[in-house]
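A structural walkthrough
If you want the building blocks of each chain, they are given just below.
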Amino acid sequence: MARRGVRRVRTAVVIAVLFALLAGSGYVGWIAVKRSEPVALPDPTGNFQVGRRTFEWTDTTRKDPYGDGQRKLSVWVWHPVAKDVTGRKVQYAPGLWSDLHLKAPASVFQGPFDTLQDPAFDRVAVAPGRFPVVVLMPGLGLSAPMYASLAEDIASHGYLVAGVTPTYSADLTVLDGQKVEAKEDAQPKDLDEQGDLLVNTWAADARFAGSMVAKQLPNSAEPSVGTAYVGHSFGGAAALEACRTTERCAAAVNLDGSPYGEAVSKGVHAPILLLGADDSCITGVCGPDARGDDGRDRALSLLKASTGTSWCATVPGTRHYNFTDYGAYYLALPLRKYLPLGSAGPRHALRVQNGYISTFLANAIYSAPAPGAPACSS
């Protein structure tokens, strides 16, 4: 799962030793120069510009299973913006969200967020029209802002994208102007034992966020269009389970995540896309670099029980973090070696991923043609 990559780069002794060795060669000085150069997120590929707003929403119908009081969530919304609109661009990770950056000593090898240029506009008007809602769920330990490249590309194709950071399951959430860190019971080490329970909370988070977007943004499509769910890693499992339990689910996308919950045995009745990395088995067929078959049986069970259209594909040359914004950050060696990023050009991998998703959503929601759609084996 996603948090494994974070733990690997926190191997402070290894990084510190490498840092000491490289400092003598002048490599660190060269990195300092490279880190100062601006880096931009990929430009969205759709016909709209993109805007971003941030919200804090409380689900008054649920008690937080991991904290006191009702369940409260940070939700970032990316939305279509008309082509002629101008305005101030957003900060990629403003304020306390900047702590999403890796900590020292690994941070020396990652570009700073304040020079990361984000093409989204800050709090501008939503483009005229009606747009379907897409809920985006992160990997376990990660936060929704770390998927801006994906969210902005989806929004540019005419969707309202609600990125949810599941409170206490993410390493960092910001609520009420304060940092909220993970709790052990909300970020379990053994998902085989606790994943089915946790996925129900995440699926409820996703359904709640989708309903709030539809209520608070007047440009959301009619309810009959349905809500789509997209997730990475454990967020992919949550997307499938949220879709299964949503009366009008339009589609679900699972990015390199083993499925959990009743979706595994009961299936999903809306169209689904399973997109995996080279070392993954989440499509029901293990990729060329898989060292085991983790998740394969659950994926096959999901596919067998599902009744909607199913697409499955492996993105060549990818690993688990190629589906996140780590594919857009400046990352120097040796840090890149410690992150689960594949041999494919990181930005190329993001383009391939986004191309699959935009084509799939257009087909599932608007019945747009999809020649050569990748069928699943089951």
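For the structure itself, consult the block above.
Below is a short write-up of the structure. Counting from 1, residues in each chain are numbered in the order their sequence is written. Since the coordinates come from a predicted model, pLDDT governs what is reported: local features require at least 70, and pairs of side-chain atoms require 80 or more to be given and counted, while whole-chain, interface and lining totals use all residues. Processing note: side-chain calculations cover all non-hydrogen atoms of the structure and skip hydrogens and water entirely.

So, empty space enclosed by the protein
Only protein atoms enter the 1 Å grid used here. Points where a 1.4 Å probe fits but cannot escape make up a cavity, open sets with protein on both sides within 12 Å along at least five of seven lines make up a pocket, and a residue lines them when an atom lies within 4 Å of a point. Grid points are joined across faces, edges and corners, and a volume is the space filled by probe spheres set on the points. A complete count under the given rule lists 1 cavity of 30 Å³ or more for this structure. Looking at the largest cavity, the residues that line it are Arg35, Glu37, Val39, Gly111, Pro112, Phe113, Thr115, Leu116, Tyr329 and Tyr330. The residue inventory of the lining of the largest cavity, partitioned by class, reads 6 nonpolar, 2 polar and 2 charged. Residues are grouped as follows: nonpolar covers Ala, Val, Leu, Ile, Met, Phe, Trp, Tyr, Cys and Pro; charged covers Asp, Glu, Lys and Arg; every other residue, Gly included, is treated as polar.

Observations regarding the environment of Gly111
The helix count covers DSSP runs of H or I at least four residues long, the strand count covers runs of E at least two residues long, and both are numbered beginning at the N terminus. As for its position among the elements, Gly111 is in the loop between β4 (89-91) and β5 (116-122). The buried label applies to any residue whose accessible area, calculated with a 1.4 Å probe on protein chains only, is under 20% of its type's maximum; exposed applies above 50%, and partly exposed to all values in between. A residue is classified by how much of its surface remains accessible, and Gly111, at 9% relative accessible area, is buried. Sequence spacing of Gly111 and Tyr329 is 218 residues, and the spatial spacing of their C-alpha atoms is 6.4 Å. If we skip the residues at most four places from it in the chain, Gly111 touches Arg35, His101 and Tyr330. Contacts are assigned to residue pairs that have any heavy atoms within 4.5 Å of one another.

Topic: the nonpolar core
Among buried residues, the Ala, Val, Leu, Ile, Met, Phe, Trp, Tyr and Cys ones that are joined through side-chain atoms within 4.5 Å form a nonpolar core. Counting residues in hydrophobic clusters, the biggest one holds 58 residues, and the most contacted among them are Tyr92, Val161, Tyr326 and Leu361. Ignoring any residue separated from it by four or fewer positions in sequence, one finds Tyr92 in contact with Leu41, Arg52, Trp76, Phe113, Leu116, Asp118, Pro145, Met146, Ala148, Asp325 and Tyr329.

Some remarks on the packing of helix α4 (residues 148-156) against helix α10 (residues 346-366)
For the pair α4 and α10, interaxial distance at closest approach is 10 Å and the crossing angle is 35 degrees. In the packing of α4 onto α10, the handedness of the crossing is right-handed. Between α4, through Ser149, Leu150, Asp153 and Ile154, and α10, the contact on the second element is made entirely by Leu350, Gln353, Asn354, Ile357 and Leu361. Tallied by class, the residues present in the contact of α4 with α10 amount to 5 nonpolar, 3 polar and 1 charged. To obtain an axis, a line is fitted to C-alpha atoms, over the contacting stretch when the element is a helix, and the angle between two such axes runs from 0 to 180 degrees between their N-to-C directions. Two helices cross in a left-handed way if the nearer one is turned anticlockwise from the farther one by less than a right angle. They cross in a right-handed way if the turn is clockwise.

Description of the side chain of Gln187
Following the sequence through the fold, Gln187 ends up in the loop between β9 (178-181) and α5 (191-216). Among the residues examined, Gln187 registers a relative accessible area of 10% and is labelled buried. Here a polar contact is recorded for every N or O atom pair within 3.5 Å, except that within protein the pair must consist of a potential hydrogen donor and a potential acceptor, and residues adjacent in sequence are included only if both atoms are side-chain atoms. At a separation of 2.9 Å, a polar atom in the side chain of Gln187 contacts the main-chain carbonyl oxygen of Ser169.

Section: unusual backbone geometry
In this chain, Ala104 is followed by Pro105 through a cis amide linkage whose omega measures 5 degrees. Counting through the fold element by element, Pro105 comes out in the loop between β4 and β5. In this structure, the amide linkage connecting Leu333 to the following residue, Pro334, adopts the cis form with an omega of 10 degrees. Its place among the elements puts Pro334 in the loop between β13 (310-314) and α9 (335-338).

So, the pattern of salt bridges
The rule for a salt bridge is simple: a side-chain nitrogen of Lys or Arg has to be within 4 Å of a carboxyl oxygen of Asp or Glu. The tally for this structure, following the rule as stated, stands at 16 salt bridges. The partner of Arg62 in a salt bridge is Asp205, and the shortest N-O contact between them spans 2.6 Å. Taken together, the residues span a long stretch of sequence, with Arg62 in strand β2 (residues 49-63) and Asp205 in helix α5 at a distance of 143 residues. As far as burial versus exposure is concerned, Arg62 and Asp205 are alike and both buried. Between Glu262 and Arg244 there is a salt bridge; the shortest N-O distance is 3.4 Å. Of this pair, Glu262 sits in the loop between β11 (249-255) and α7 (263-266) while Arg244 sits in helix α6 (residues 234-244), and the two are 18 residues apart along the sequence. With a relative accessible area of 37%, Glu262 lands in the partly exposed category. Connected through salt bridges with shared partners, the residues Asp59, Arg62, Asp64, Arg71 and Asp205 form a single ionic network.

Regarding the pairing of strand β3 (residues 70-81)
Among the 12 residues that make up β3, 10 are buried, leaving the element largely enclosed by the rest of the structure. Whether two strands pair depends on DSSP finding at least two bridges between them. Pairing between β2 and β3: 12 bridges, direction antiparallel. Directly across from Asp59, in β3, lies its bridge partner Arg71. Counting the residues in the hairpin turn of β2 and β3 gives 6 residues, including Gly69, whose phi is positive at 80 degrees. As defined by bridge partners, β3 adjoins strand β7 (residues 160-165) across 5 bridges and the pair is classed as antiparallel. Across the sheet, residue Trp78 finds its bridge partner in β7, namely Val161.

Topic: the side chain of Thr173
Along the chain, Thr173 turns up in strand β8 (residues 172-175). When neighbours within four sequence positions are excluded, Thr173 is seen to be in contact with Ser74, Trp97, Thr165, Pro166, Thr167, Tyr168, Gln178, Lys179 and Val180.

Quick word on the packing of aromatic side chains
Side-chain rings of Phe, Tyr and Trp, where Trp is taken by its six-membered ring, are said to pair if the distance between their centres is within 6.5 Å; with planes under 30 degrees apart they count as stacked, over 60 as edge-to-face, and otherwise as tilted. Going through the model one piece at a time under the given rule, you end up with 13 aromatic pairs. With a centroid separation of 5.2 Å and an interplanar angle of 70 degrees, the aromatic rings of Trp311 and Phe360 are classed as edge-to-face. Here the residue Trp311 occupies a position in strand β13, and Phe360 occupies one in helix α10, the gap between them amounting to 49 residues. Summarising the burial analysis for this pair, Trp311 and Phe360 share the class buried. Within the aromatic cluster, the residues linked to one another by ring pairs are Tyr92, Phe113, Tyr321, Tyr326 and Tyr329.

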